[in-house]
Amino acid sequence: MFRVGVLTGGGDCPGLNAVIYGVVSRGLQYGFEVWGIEDGYKGLLSGRVKKLEIEDVKDVYWLGGTILGTSRKNPAKSEEELKTAVENVKKLGLDSLITIGGDDTLGAAKKLYERGVPVIGVPKTIDNDLPGTDYSIGFWTSVQTIAESLDKLHTTAKSHKRVMIVEIMGRYAGWLTLMGGLAGGAHIILIPEKKVDIDEVCRIVKERKERGEPYTLIAVAEGVTIPTTGSLVVASAEKDEFGHVRLGGVAKVLEEEIIKRTGIEARSVILGHLQRGGTPSAYDRVLGIRLGYKAVDLVKEGKFGYAVVLRGMKIESVKLDEAASGLRKVPEELHEFTNVFTY
Ligand code: F6P
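One numbering rule holds for all chains: residues counted from 1, following each sequence as written. Reporting of local features is limited, given that this is a predicted model, to residues whose pLDDT is at least 70; pairs of side-chain atoms are given and counted only at 80 or more, and all residues count toward the totals for whole chains, interfaces and linings. Side-chain figures throughout are based on the complete set of non-hydrogen atoms in the structure, without hydrogens or water.

**Let's talk about unusual backbone geometry**
Here's step 1: Despite not being glycine, Lys161 has its phi angle at roughly 55°, a positive value.
Here's step 2: Along the chain, Lys161 turns up in the loop between helix H6 (139-160) and strand S6 (163-168).
Here's step 3: Only protein chains enter the accessibility calculation, which uses a 1.4 Å probe. A residue is then buried if its area is under 20% of the maximum for its type, exposed if over 50%, and partly exposed in between. We classify Lys161 as partly exposed; its relative accessible area is 46%.
Here's step 4: Backbone geometry places Arg171, a non-glycine residue, at a positive phi of 55°.
Here's step 5: A run of H or I in DSSP counts as a helix once it spans at least four residues, and a run of E counts as a strand once it spans at least two, with each numbered from the N terminus. Tracing the backbone shows Arg171 in the loop between S6 and helix H7 (175-183).

Laid out in structure tokens, this is it:
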């Protein structure tokens, strides 16, 4: 029996279970056995797997998170672990491996492929910062959550005539902040791709007040560098296995700066992991199932070393090299949308 292994790595996001559903459903159609690897690469290194049947996925494809569990374990951290990961694929009798994850997971998948593991990647991250795919799984659900959160913050900010600064995830890319801020009507949108001018932010805040606009809502990306700090604001400088620090706190720094410079009352909010939780949108469910199908189609064709991606309306495949070739930032032609509600 041909065995397909599937794992989810990195931060979770809504839509992962839909991909897993697609993989299991398509796999069973082809007569494959599908084995779920628990907790991402951590489970691969310790050989923790379970066989997946349609019963395991049919009632959960619409749930957020991942039924397989996830981790930020890097199997390529050392040559020894990489060797163990490759050996375990063989020991577990897996004829192919589908890894669902962001840049770290896909980058590690590429290394496994280079060591002879038949791998297919599926891009996911709420950050939407992966090259090769138009949108990654989880992004639009997260944008919806951000927009709904901003809707709520408008009413409290307006009632208290305050400046409200909302910190949004996304690491070094501003996709979530731009699209979430746009959908939620943020008056000022600050993204890592565009230099922040605090004097200008304070000028807009004051000018709005003078014009009789009682409040200002600011959406700020966690990965923004503001001139007063000159560097990223981190919640913890400790690095994970892929070398990432934990970003967090830039909204608070901005809050203090705005109060100091304008004398206007301000509050900051970190949306945090609320943005990653919850049930996937219809869009992410459908995209997830389609990507899962395509991943297994590539397995059937024996076309390994590829990632399945969304290009326009189509699900296509690109080499893992391309899918894991660094971060995709918000392009300049979209920067003007940071100012849509600045009136
Ligand atoms: O990469 C996805 C992401 O949600 C980032 O936007 C965020 O900075 C990070 O993960 C948070 O990671 P953790 O769940 O480890 O706190």
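**Thoughts on the packing of aromatic side chains**
Here's step 1: Centres within 6.5 Å are what make two rings of Phe, Tyr or Trp a pair, Trp counting through its six-membered ring; a difference in plane orientation under 30 degrees is then read as stacked, over 60 as edge-to-face, and the rest as tilted. One pass over the full model with this rule turns up seven aromatic pairs.
Here's step 2: With a centroid separation of 4.7 Å and an interplanar angle of 40°, the aromatic rings of Phe2 and Phe32 are classed as tilted. Here Phe32 lies in the loop between helix H1 (16-29) and strand S2 (33-37) and Phe2 lies in the segment before strand S1 (3-8), a separation of 30 residues in the sequence.
Here's step 3: A relative accessible area of 31% means that Phe2 is categorised as partly exposed.
Here's step 4: For Phe32, a relative accessible area of 10% translates into the label buried.

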